[in-house]
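Each chain, letter by letter, is given below.
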Amino acid sequence: MDRLESLICRRVEYVMADEPETAYTGTVERDSFGRPYIQDETDAGAIIYDTGVLLTVKEI
């Protein structure tokens, strides 16, 4: 199961595997196919799916 599934419509803090010292925030939403993703709060173009790029993700 996708780690983001249980966090739909919630605000989260996440850390990327290539930047383990930096935490980002965003909201978990669904794309047009129903797959959950994180919409970053500060970069409108940043959409993150739960692939190998996510080190951690937690609700805040």
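Residues numbered from 1 in each chain as written. Predicted model: local features only at pLDDT ≥ 70, side-chain atom pairs only at ≥ 80, totals over all residues. Heavy atoms only, no water.

### Quick look at the side chain of Asp-31
Inclusion rule: Helix numbers and strand numbers start at the N terminus; a helix is a DSSP run of H or I with at least 4 residues, a strand a run of E with at least 2. Partly exposed residues are those whose accessible area sits between 20% and 50% of the maximum for their type, while under 20% is buried and over 50% is exposed, using a 1.4 Å probe and protein chains only. Neither His nor the chain ends contribute to the count of charged residues, in which Lys and Arg are positive and Asp and Glu negative. We define a salt bridge as a contact between a side-chain nitrogen of Lys or Arg and a carboxyl oxygen of Asp or Glu at a distance within 4 Å. Here a polar contact is recorded for every N or O atom pair within 3.5 Å, except that within protein the pair must consist of a potential hydrogen donor and a potential acceptor, and residues adjacent in sequence are included only if both atoms are side-chain atoms. Whether two residues are in contact is decided by their heavy atoms: any pair within 4.5 Å suffices.
Looking at the secondary structure, you find Asp-31 in the loop between strand S2 (23-30) and strand S3 (36-40). Although Asp-31 lies buried, it forms no salt bridge, and the closest oppositely charged side chain, Arg-35, sits 5.8 Å away as judged by the N-O distance. From its side chain, Asp-31 meets the backbone nitrogen of Phe-33 in a polar contact 2.9 Å long. A polar side-chain atom of Asp-31 sits 2.9 Å from the main-chain amide nitrogen of Arg-35. Not counting residues within four places of it along the chain, the set of residues in contact with Asp-31 comprises Tyr-37 and Tyr-49.

### What to know about the packing of aromatic side chains
Selection criterion: Between 30 and 60 degrees the pair is tilted, below 30 it is stacked and above 60 it is edge-to-face, where a pair is any two Phe, Tyr or Trp rings, Trp via its six-membered ring, whose centres lie within 6.5 Å.
Scanning the entire structure with this criterion turns up 2 aromatic pairs. For the pair Tyr-37 and Tyr-49, a centre-to-centre distance of 5.8 Å together with 45° between the ring planes defines the contact as tilted. Of the two residues, Tyr-37 is situated in strand S3 and Tyr-49 in the loop between strand S4 (47-48) and strand S5 (54-59); the sequence distance between them amounts to 12 residues.

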